[in-house]
Amino acid sequence: MNTALVVGGAGFIGSHVVDALIMRGLNVVVFDDLSSGQKENILNKDVVFVEGDIRDCDLVAHTFEVHKPDFVFHLAAQISVSRSVREPKYDADVNILGMINLLEASVKNGTKKFIFSSSGGVMYGENPSVYPTPETEPERPFSPYGIAKMAGERYLHFYKKEYGLDYTILRYANVYGPRQNPHGEAGVVAIFTEGMLKDQPLTINGDGKYIRDYVFVEDVANANMLAMDNGRAITYNIGTGTAVDVNELFELTKKVNSYEKEAEHGPERPGDLRKSVLNSELAKKELNWNPHFTLEQGLILTHEYFESKLSL
């Protein structure tokens, strides 16, 4: 039986990847420092949990030596764009040097494939030449977070060429759904949903005309499963290709949650792109991946999750 190591597996997306791997019958090891993830997100008692930081080279090496993972899913990251702007050295320490620790251990221990969660939302910069944006568009990240993600992709190219480490890169659009942290800055759907269920006043950053491509977390987990057997040394966008601005998202979420207040508008966030929408035709063609959830369906499932959590 194959073993999968999910780095960041107690987090929002990572825990859904863990669920999907369990369904496929793999042995699963989770490596997570719990800085943003939660152990309660790991629902299966057979999952092995290692608490640790990917910057801890010795612990990373030991984990690989003990478990010898066939597949590594790298979802651990410093995820805040604005924090990367404020603290670029810290961002690079986690997102670049931490990843190199994982790559070194993967090569040393014979990992079959490394599946990297990258970001389509920041990779193509402020003004790509086409929307929805395909993988052929030049990378133009301008935040340290995006620069670190691009560096991670480049290191994968190097480790493939130098050591033969197979990989797939998945560039996500804006992922949302159950288990997303409503207290961070990355999860506007979670922030809106929990605030609406608590009937709290809500704030939209800037004018709310920030356009995004929202993809449901279970669709993203499915892309990770498909990447295990397909897409060797290739990069794929994972998004819906549908453009929705924050004002529209607020109104859709408001309807699902029966919320009656209007939003306030606050200051813009540093480092935010005005528009990001992904073309995922390559993933559809080569991975046979398609998003199965519409935005409305995903918002309903997100509502149900937060409603049940708040009622506990």
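The shown structure was predicted, so the numbers you read here are calculated from the model rather than taken from an experiment.

What follows concerns the packing of aromatic side chains. In total, this model carries eight aromatic pairs according to the counting rule given. Aromatic pair F192 and F250: ring centres 5.2 Å apart, planes at 90°, arrangement edge-to-face. On the criterion of sequence distance, the pair formed by F192 in helix α7 (residues 188-197) and F250 in helix α9 (residues 246-256) is long-range, its members being 58 residues apart. For the pair shown, F192 and F250 are each scored as buried. Measuring from centroid to centroid gives 6.2 Å for F250 and Y259, while their planes differ by 85°, and the two rings are edge-to-face. Judged by its relative accessible area of 2%, F250 falls in the buried class. You can call Y259 buried: its relative accessible area is 4%. Connected via pairs of aromatic rings, a cluster forms that spans F158, Y159 and Y163. When the ring centre of Y210 is taken as reference, the NZ or CZ atom of R274 above it lies at 4.3 Å. In this structure, K275 is placed above the aromatic ring of Y131, and the distance from its NZ or CZ to the ring centre is 4.1 Å.

Attention shifts here to the sheet that holds strand β3 (residues 48-51). Strand pairing in a sheet takes place through backbone hydrogen bonds and is either antiparallel or parallel in direction. Spatial strand order, β3-β2-β1-β4-β5-β6-β11: seven strands in an open sheet with parallel pairing. Strands at the two margins of the open sheet, each flanked by one partner only, are β3 and β11 (234-238). Taken pair by pair, the neighbouring strands of this sheet meet at an average axis angle of 20°, ignoring direction. Across seven bridges, the pairing between strand β5 (residues 113-119) and strand β6 (residues 166-172) is parallel.

Moving on: the packing of α7 against helix α11 (residues 295-310). As a packed pair, α7 and α11 sit with axes 10 Å apart at the nearest point and diverge in direction by 50°. In terms of their interaxial angle, α7 and α11 are classed as oblique. Here α7 and α11 pass one another in a crossing that is right-handed. In contact with V189, A190, T193, E194 and L197 of α7, α11 contributes L299, T302, H303, F306, E307 and L310. Tallied by class, the residues present in the contact of α7 with α11 amount to six nonpolar, three polar and two charged.

Inspection of the secondary structure puts N109 in the loop between α4 (88-108) and β5. The buried category is assigned to N109, whose relative accessible area is 11%. At 2.9 Å, the side chain of N109 and the side chain of K68 are in polar contact.

Right, let's get into unusual backbone geometry. Residue P132 is bonded to the preceding Y131 through a cis peptide linkage, with omega at -15°. Within the element layout of this structure, P132 appears in the loop between α5 (120-123) and α6 (144-163). A positive phi angle, close to 55°, is found at D199, a residue other than glycine. Mapping D199 onto the fold places it in the loop between α7 and β8 (203-205). Relative accessible area serves as the criterion here: at 45%, D199 is assigned to the partly exposed category. With a phi angle near 60°, N288 is a residue other than glycine that sits in the positive phi range.

With that out of the way, let us pick up the environment of A105. Within the secondary structure, A105 sits in helix α4. Sequence separation between A105 and V60 is 45 residues; the distance between their C-alpha atoms is 7.1 Å. Non-local contacts of A105, meaning those with residues more than four positions away in its chain, are made with V60 and F64.

Moving on, we come to the side chain of T193. Of note, T193 is situated in helix α7. Once you skip the residues sitting within four places of it in the chain, T193 turns out to touch T253, N257, T302, H303 and F306.

Turning to α7, a few remarks are in order. The buried fraction of α7 amounts to seven of the ten residues, a majority that puts the element mostly inside the structure. Every buried residue of α7 is listed here: V189, A190, F192, T193, E194, G195 and M196. The inward-facing, buried residues of α7 contact β7 (174-176), β8, β10 (214-216), α9 and α11. Backbone geometry just downstream of α7 places D199 in the positive-phi region, at approximately 55°.

Take the nonpolar core next. The nonpolar side chains of a soluble globular protein tend to be buried with one another. In this structure, I13, V17, L21, F73 and I238 are the most contacted members of the largest nonpolar core, which totals 38 residues. Of all the secondary-structure elements, those providing two or more residues to this core are β1 (3-7), α1 (12-23), β2 (27-32), β4 (71-74), β6, α8 (217-227) and β11. Ignoring any residue separated from it by four or fewer positions in sequence, one finds I238 in contact with L170, R171, Y172, A173, V215, V220, A223, L278, S280, A283 and W289.

Conventions adopted
- Residues numbered from 1 in each chain as written.
- Predicted model: local features only at pLDDT ≥ 70, side-chain atom pairs only at ≥ 80, totals over all residues.
- Heavy atoms only, no water.
- Phe/Tyr/Trp six-rings, centres within 6.5 Å; stacked < 30°, edge-to-face > 60°.
- Helix = DSSP H or I, 4+ residues; strand = E, 2+ residues; numbered from the N terminus.
- Buried < 20%, exposed > 50% of the residue type's maximum accessible area, 1.4 Å probe, protein only.
- Lys NZ or Arg CZ within 6 Å of the ring centre and 35° of its normal.
- Pairing = 2+ DSSP bridges.
- Axes fitted to C-alpha atoms, helices over the stretch in contact; angles between N-to-C directions.
- Parallel < 35°, antiparallel > 145°, perpendicular 65-115°, else oblique.
- Left-handed = near helix turned anticlockwise from the far one by under 90°.
- Contact = heavy atoms within 4.5 Å.
- Nonpolar A, V, L, I, M, F, W, Y, C, P; charged D, E, K, R; others polar.
- Polar contact = N/O pair within 3.5 Å; in protein donor to acceptor, adjacent residues only side chain to side chain.
- Core = buried A, V, L, I, M, F, W, Y, C linked by side-chain atoms within 4.5 Å.

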